[in-house]
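# Examination of the molecular architecture
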Amino acid sequence: MKLMLNMTINNEKISVEIEPDSRLLDVLRDDLGLLGTKEGCGVGECGACTVIIDGKTANSCVTLAASMEGCDIKTIEYLSKNGKLHPMQKSFIDNSALQCGFCTPGFVLSGVNLLERNPNPTEEEIKEGISGNICRCTGYEQIVKAVEDVRDEKYIKDGACDE
Amino acid sequence: MLNYFRPKTIKECLECITDDRVYIAGGTDLLVEMRNGHDLSKKTLIDLSHIPELKGVKKIDGGLEIMACTSHDDLVLNKDVNKSLKVLSDACRTVGSPQIRNMGTIGGSIGTASPASDPMPALMLADGSAVIINKKGEIREEKLEKFVVKPGITTLKNDELILSVKVKSLEDYKQSFFKIGRRKALAIARLNFAMAILKNKDNTIKDIKIVVGAALPVTKRFYDIEKQLIGKKLTEKIIEKISKDISDQVLEIAGPRKSSEYKIPVIKNIISRMLKDMEV
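Scoring rules and cut-offs
Residues numbered from 1 in each chain as written. Chains lettered and ligands numbered in written order. Predicted model: local features only at pLDDT ≥ 70, side-chain atom pairs only at ≥ 80, totals over all residues. Heavy atoms only, no water. Core = buried A, V, L, I, M, F, W, Y, C linked by side-chain atoms within 4.5 Å. Buried < 20%, exposed > 50% of the residue type's maximum accessible area, 1.4 Å probe, protein only. Helix = DSSP H or I, 4+ residues; strand = E, 2+ residues; numbered from the N terminus. Domains from an automatic or database assignment. Contact = heavy atoms within 4.5 Å. Buried area = accessible area lost by both parts, 1.4 Å probe. Salt bridge = Lys/Arg side-chain N within 4 Å of Asp/Glu carboxyl O. Polar contact = N/O pair within 3.5 Å; in protein donor to acceptor, adjacent residues only side chain to side chain. Nonpolar A, V, L, I, M, F, W, Y, C, P; charged D, E, K, R; others polar. Pairing = 2+ DSSP bridges. Axes fitted to C-alpha atoms, helices over the stretch in contact; angles between N-to-C directions.

This part is about the nonpolar core. One finds Leu 88, Leu 123 and Leu 144 of chain B to be the most contacted residues of the largest nonpolar core, which totals 36 residues. No other element matches helix α8 (residues 119-125) of chain B, which puts five residues into this core. Both domains that furnish three or more residues to this core are identified here as domain 2 (52-168) and domain 3 (174-279) of chain B. When neighbours within four sequence positions are excluded, Leu 144 of chain B is seen to be in contact with Ile 110, Met 120, Leu 123, Met 124, Gly 128, Ser 129, Ala 130 and Val 165 of chain B. Grouped together as the second largest cluster of nonpolar side chains are 35 residues, Ile 9, Leu 24 and Cys 71 of chain A together with Leu 30 of chain B included.

Next up, the structure:
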């Protein structure tokens, strides 16, 4: 039993034929070629597969793709526009908030979503906001700093970067 | 072959129910089970995530009705929950991670009957009961203590669906939730507790509710100990006695385990600390 799934991904309406038990992660990566979303643990603990669904973060590895009918999904690919990085991406680079980079798309999306929901978070709230993402090489100090810099508007909003 | 239904109303949902039905709401448990080999290929998967009637919190006489597909995050933010049952939003705030709280639902938390559920102690504290509808449309209500039989097992029959959880308002009570996990985020509770206390003007106890969760196979309200405390003051001596009585009972119910040497004194100390904190 295949079924047709209609959803909005990164502001584009798409329809894709899926198996009813497919994970959102696999549909994104295998059917839609959006390889920025990573699979880490596969059980909803590491946050590497984080996406934003209807304005809230979720682990796409434990999200049933079929449940996404009519939903608005944003992946890491959404953030850079016309080759320009999103402030959060730029801030991660400037703060050396990544080493191997595998966890980075998830962290960046958690940071972006946190600021969408709470534009002025405290350090404690930032730590809480990224608590669903695990980094095993950099450590969290630089990541918290990266989110703080975006909060403090060290970068111009709307995708353009302040060089 | 896997059958998949995505009903839009409770009525449509009841029509989809078959003997081999498996529900999915947030998916945060089921997709892990599927990965671990839970075979759905010959089942009927009923997706509850598109039924607006199953979402939200309603005010009812003396309390709240929390619809089954309301997410943990919604309960953290909900004004009525924060006003009437702060302990529940505190408990939901400790579930998994932001991502899990955004997807996981209260109905799923009850239905999976995990002994480590964080909302469960808060719900039991508020005399929570599950509201259940069957395929014929008949509704029954069952106290959560009865509904959860043992880890992973509830009284929910194949032709039934959890509609909501009803809880009493504890607005006038001092409330407290405490959890110990192996780390702060993304940790399953090793121990969790919920308490509520209502005092008379002379500082004696008018009503008290004490629940111990994760240390036990099934979350438990300590009704016998609560009763003993009515009309008394929370003196050091009484706090010492009840925290010992509760930790002794936990050991008796759960049986000695490798972790008991750590857990039992910790349970005693946390109960004592929570009671003292509520006394202030």
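Turning our attention to unusual backbone geometry. Its identity is not glycine, yet Ser 96 of chain A carries a phi of approximately 50°, on the positive side. Inspection of the secondary structure puts Ser 96 of chain A in the loop between α2 (87-94) and α3 (104-117). Residue classification places Ser 96 of chain A among the partly exposed residues on the basis of a relative accessible area of 47%. The backbone of Asn 203 of chain B shows a phi angle near 75°, a positive value even though the residue is not glycine.

Before going further, it helps to spend a moment on the domain arrangement of chain B. Residues and elements named next belong to chain B. On domain assignment, one finds that chain B holds domain 1 (3-47), domain 2 (52-168) and domain 3 (174-279). Here the C-alpha centre of domain 3 lies 22 Å away from the C-alpha centre of domain 2. In this assembly, 25 residues from domain 2 lie in contact with 24 residues from domain 3. Of the roughly 1800 Å² buried at the junction of domain 2 and domain 3 (both faces included), carbon and sulfur atoms supply 59%. One can count three salt bridges joining domain 2 with domain 3. Between Lys 209 and Asp 127 there is a salt bridge; the shortest N-O distance is 3.6 Å. In this assembly, domain 2 and domain 3 are joined by nine residue pairs in polar contact (both at pLDDT 80 or more). Mapped by element, the contributors of at least two residues to the side of domain 2 that touches domain 3 are α5 (86-93), α8 and β8 (148-150). Residue contributions to the side of domain 2 that touches domain 3 peak at five residues, all from α8. Residues belonging to the side of domain 2 that touches domain 3 are distributed by class as follows: 13 nonpolar, five polar and seven charged.

All names here are of chain B. For the structure on display, the rule yields 32 salt bridges over all chains. Between Lys 179 and Asp 118 there is a salt bridge, and its shortest N-O distance comes to 2.8 Å. Of this pair, Lys 179 sits in strand β11 (residues 174-180) while Asp 118 sits in the loop between α7 (106-111) and α8, placing them 61 residues apart in sequence. By the burial criterion, Lys 179 is buried, and Asp 118 matches it. When the shortest N-O distance is used, the salt bridge between Arg 140 and Glu 142 registers 2.9 Å. Exposure remark for Arg 140: the relative accessible area of 23% places this residue in the partly exposed category. The exposure class assigned to Glu 142 is buried, which follows from its relative accessible area of 16%.

Glancing now at the sheet that holds strand β10 (residues 160-168) of chain B. Residues and elements named next belong to chain B. Pairing is antiparallel in the open sheet, where five strands are placed in the order β4-β5-β10-β6-β7. Looking at the sheet topology across the chains shown, the edges are occupied by β4 (57-60) and β7 (139-143). With direction set aside, neighbouring strand axes in the sheet form an average angle of 25°. Relative to β10, strand β6 (residues 129-134) runs antiparallel, the two being bridged by six bridges. Bridging across to β10, Ile 132 finds its partner in Ile 162.

The next thing to look at is the pairing of strand β3 (residues 50-53) of chain A. Residues and elements named next belong to chain A. Residues Thr 50 and Ile 52 point to one face of β3 and Val 51 and Ile 53 to the other, with burial holding for every one of them. Of the strand pairs in this sheet, β3 and strand β4 (residues 56-59) are connected by four bridges, and their pairing is antiparallel. Bridged to Ile 53 within β4 is Lys 56. Linking β3 to β4, which pair antiparallel, is a turn of two residues; within it Asp 54 sits at a positive phi near 45°. Of the strand pairs in this sheet, β3 and strand β5 (residues 72-74) are connected by two bridges, and their pairing is antiparallel. Residue pairing across strands places Ile 53 opposite Ile 73, the latter belonging to β5.

Moving on, we come to the interface of chain B and chain A. In this complex, chain B contributes 32 residues to the contact, which on the side of chain A involves 36 residues. Both sides of the chain B and chain A interface together cover about 2500 Å² of buried area, and 55% of this is carbon and sulfur. Where chain B touches chain A, the interface holds six salt bridges. The residue Arg 35 of chain B makes a salt bridge to Glu 39 of chain A at a minimum N-O spacing of 3.1 Å. Remark: the boundary between chain B and chain A carries 15 residue pairs in polar contact (both at pLDDT 80 or more). Those elements that provide at least two residues to the side of chain B that touches chain A are β1 (3-5), α2 (30-35), β3 (44-47), α3 (72-77) and α6 (98-103) of chain B. Counting residues per element, the side of chain B that touches chain A draws most heavily on α6 of chain B, at six residues. Here the residues of the side of chain B that touches chain A are counted per class, giving 14 nonpolar, ten polar and eight charged.

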